[in-house]
Amino acid sequence: RAKALSKHQTTLPTIDTDGYSVRPDPNSSHGVWEGWGTSLAWWANAFGDRDDLADAIFTMDSTDVTTASGDTVNVPGLGMNIARYNA
């Protein structure tokens, strides 16, 4: 089980699960994250006309979203900036 780094700790923790160890290498680069997002394949067809859901998913703004039962809840925006759609 990984432990949180203390403010004085200079090495990253090793995670050991069933004999398999993983140790992050802070000196290694595996590329640059260009963003994060979602596939719109199934839910875009079902919810594509919902501006409230689009705002909640693709902005960083808090948004009032209407639930299936008709209630309104305020949710934080996820700020996704990549979308994939397979027609």
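Residues numbered from 1 in each chain as written. Predicted model: local features only at pLDDT ≥ 70, side-chain atom pairs only at ≥ 80, totals over all residues. Heavy atoms only, no water.

Visitor: An account of a nonpolar patch on the surface is requested, with residue identities and associated values reported.
Guide: Nonpolar side chains collect at one region of the surface, where W33, W36 and L78 lie side by side and expose about 410 Å² of accessible area between them. Counting through the fold element by element, W36 comes out in the loop between β2 (20-22) and β3 (37-39). Judged by relative accessible area, which is 40%, W36 ranks as partly exposed. (Patch = residues over 30% accessible without salt bridge, like charges linked within 9 Å, V, L, I, M, F, W, Y side chains within 5 Å. Areas by Shrake-Rupley, 256 points an atom, 1.4 Å probe, with all protein chains shown as cover. Salt bridge = Lys/Arg side-chain N within 4 Å of Asp/Glu carboxyl O. Helix = DSSP H or I, 4+ residues; strand = E, 2+ residues; numbered from the N terminus. Buried < 20%, exposed > 50% of the residue type's maximum accessible area, 1.4 Å probe, protein only.)

Visitor: Let's hear about the nonpolar core: which residues, and what values?
Guide: Of all hydrophobic cores here, the largest spans 5 residues; its members are L40, W43, A44, I57 and M80. Apart from the residues lying within four places of it in its own chain, the contact partners of I57 are W43, L78, G79 and M80. (Core = buried A, V, L, I, M, F, W, Y, C linked by side-chain atoms within 4.5 Å. Contact = heavy atoms within 4.5 Å.)

Visitor: Give me the lowdown on the confidence of the model for the chain, citing residues and values where you can.
Guide: Scored by pLDDT, the chain has a mean of 80; 80% of the residues are at 70 or more. Within the chain, strand β1 (residues 15-17) has the poorest average pLDDT of any element, 67, and strand β5 (residues 72-75) the best, 95. (pLDDT = per-residue confidence, 0-100.)

Visitor: Which residues make up the side chain of D52, and what values do they have?
Guide: Inspection of the secondary structure puts D52 in helix α2 (residues 51-58). Using a relative accessible area of 15% as the deciding quantity, one classes D52 as buried. In terms of polar contacts, D52 uses its side chain to reach the side chain of R50, at 2.8 Å. The contacts of D52, once residues within four sequence positions are left out, are T63, D64, V65 and T66. (Polar contact = N/O pair within 3.5 Å; in protein donor to acceptor, adjacent residues only side chain to side chain.)

Visitor: Outline the side chain of T63, listing residues and values.
Guide: Within the secondary structure, T63 sits in strand β4 (residues 63-66). A polar side-chain atom of T63 sits 3.2 Å from the main-chain carbonyl oxygen of D61.

Visitor: Now, about the pattern of salt bridges: what can you tell me, with residues and values included?
Guide: Applying the stated rule across the entire model yields 1 salt bridge. Its salt-bridge partner being D52, residue R50 comes within 2.8 Å of it at the nearest N-O pair.

Visitor: Hey, could you go over α2 for me, with residue numbers and the actual values?
Guide: Of all the residues in α2, the buried ones are D52, L53, A56 and I57. Along the axis of α2, the buried positions cluster into a sector of 125 degrees, meaning they face one direction only. Packing partners of the buried residues in α2 comprise α1 (43-47), β4 and β5. (Arc of directions from axis to C-beta.)

Visitor: Requested: an account of the pairing of β4, with residues and values cited.
Guide: Only one face of β4 is buried, namely the one carrying T63 and V65, since none of D64 and T66 on the opposite face is buried. Judged from the 4 bridges that link them, β4 and β5 form a sheet pairing that is antiparallel. Opposite T66, over in β5, you have T72 as the bridge partner. Taking the residues between adjacent antiparallel strands as the criterion, β4 and β5 are bridged by 5 residues, where G70 takes a positive phi near 95 degrees. (Pairing = 2+ DSSP bridges.)

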